[in-house]
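# Coordinate inspection notes
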Amino acid sequence: MTILYRGFALLCFLAFGVVHAQEENLKGDAARRLVQAHDPAIFVSTGALYLKQEAIRSAGGKPLSATQLAEVGRIIDAQVRDSAWFHAVLGAAIAQYMTEEEADEIAVHFTTEVSQLQRHVIELSVGEVLMSTYTFTNKTDYRLAASPRELQDVQRAVGSMINHFEAVARQIRELVAHPAVRARSQN
């Protein structure tokens, strides 16, 4: 009889494990979709700028040799410009602080055009705070001449979002100025 009880208990534990694994897979899928909705460009370019300048500062502010520049560039390319780290960190935070339903709801929300604009605003705002913090704490220095690629990457990442917002603002102004919209709003 004890064999039957043990078998039944084992079956229950296995079933619980399968259900738990399925829940984690669903949560993983929702978290993955939410992570993929975000653009890591600002964070990746800021990290690359900071690390490149940190390497220059560690050399006493003197220009790095070609070999040193190549090695620093290789490390930054492998560890920072490959945005896998961003996705892993954001995914871990989502898994820790959100339920499957919350992650799914936000991931679905970010599929609409308006919510994509919201996401861009959030990313731009967080990126601005990040860059301001790094600038005011002297972690990045825009006068440091040996990091032009990294500075251009930051400008490109931020600039593309700003250009996007300017285009959207122009569309909104055109829509509001349209005679049909103006006539309707006056009624």
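Note: the structure precedes this text.
Residues numbered from 1 in each chain as written. Predicted model: local features only at pLDDT ≥ 70, side-chain atom pairs only at ≥ 80, totals over all residues. Heavy atoms only, no water.

### Regarding the overall build of the protein chain
Our working rule: Helix and strand labels come from DSSP, where a helix needs a run of H or I of at least four residues and a strand needs a run of E of at least two; each type is numbered from the N terminus. Each residue's exposure class comes from its accessible area (1.4 Å probe, protein chains only) as a fraction of the maximum for that residue type: buried when under 20%, exposed when over 50%, partly exposed otherwise. Shrake-Rupley sampling with a 1.4 Å probe provides the accessible areas, and residues are treated as covered by the protein chains on show and by no other component.
Secondary structure assignment for the protein chain yields 8 helices and 0 strands. For the protein chain, the N- to C-terminal ordering of α and β elements is α-α-α-α-α-α-α-α. Expressed as a percentage of the 187 residues in the protein chain, the buried residues total 27%. Accessible surface, the protein chain as shown: approximately 12,800 Å² in total, 63% of it carbon and sulfur.

### Concerning the packing of aromatic side chains
Aromatic ring pairs: the centre-centre distance and the angle between the two ring planes describe each pair. Heads up, the condition is: Between the rings of Phe, Tyr and Trp (Trp by its six-membered ring), a pair exists once the centres lie within 6.5 Å; its type follows the angle of the planes, with under 30 degrees stacked, over 60 edge-to-face, and the other angles tilted.
Applying the stated criterion across every chain, the model contains 3 aromatic pairs. Between Phe 43 and Phe 86, the aromatic rings sit 5.3 Å apart at their centres with planes inclined by 15°, giving stacked as the arrangement. Remark: Phe 86 occurs in helix α4 (residues 84–97) and Phe 43 occurs in helix α2 (residues 41–58); sequence separation between them is 43 residues. On the basis of relative accessibility, which here comes to 11%, the residue Phe 86 falls in the buried class. Pairing Trp 85 with Phe 86 gives two aromatic rings, centres 6.1 Å apart and planes at 90°, and the pair type is edge-to-face. Judged by its relative accessible area of 32%, Trp 85 is partly exposed.

### As for the pattern of salt bridges
This is how the line gets drawn: Any Lys or Arg side-chain nitrogen located within 4 Å of an Asp or Glu carboxyl oxygen qualifies as a salt bridge.
Inspection of the entire model under this criterion finds 13 salt bridges. Residue Glu 150 is joined to Lys 52 by a salt bridge in which the shortest nitrogen-to-oxygen separation is 3.3 Å. Of the two residues, Glu 150 is situated in helix α7 (residues 148–177) and Lys 52 in helix α2; the sequence distance between them amounts to 98 residues. Given a relative accessible area of 3%, Glu 150 falls into the buried group.

### Thoughts on unusual backbone geometry
One non-glycine residue with positive phi stands out, namely Asn 138, at about 60°. Residue position: Asn 138 is located in the loop between α6 (113–136) and α7. For Asn 138, a relative accessible area of 60% puts it in the exposed group.

### Details of the packing of α2 against α6
Put simply, the test is: Only the contacting stretch of a helix is used when fitting its axis, a line to C-alpha atoms as for every element, and angles between N-to-C directions run 0 to 180 degrees. Angle categories: roughly parallel below 35 degrees, roughly antiparallel above 145, roughly perpendicular from 65 to 115, and oblique for all the rest. Take the far helix as your reference; a near helix turned counterclockwise from it by less than a right angle gives a left-handed crossing, and one turned clockwise gives a right-handed crossing. Note on contacts: a residue pair qualifies if any of its non-hydrogen atoms lie within 4.5 Å across the two residues. In this count, Pro and Cys sit with the nonpolar residues alongside Ala, Val, Leu, Ile, Met, Phe, Trp and Tyr, while Asp, Glu, Lys and Arg are called charged and the others, Gly among them, polar.
The contact between α2 and α6 brings their axes to 10 Å, and the two run at 10°. Between α2 and α6, the angle falls in the class roughly parallel. Of the two elements, α2 crosses α6, and the hand of that crossing is right-handed. Touching Ile 42, Phe 43, Thr 46, Leu 49 and Tyr 50 of α2 are Glu 123, Leu 124, Val 126, Gly 127, Leu 130, Met 131 and Tyr 134, all from α6. Residue classes in the contact of α2 with α6 are distributed as 9 nonpolar, 2 polar and 1 charged.

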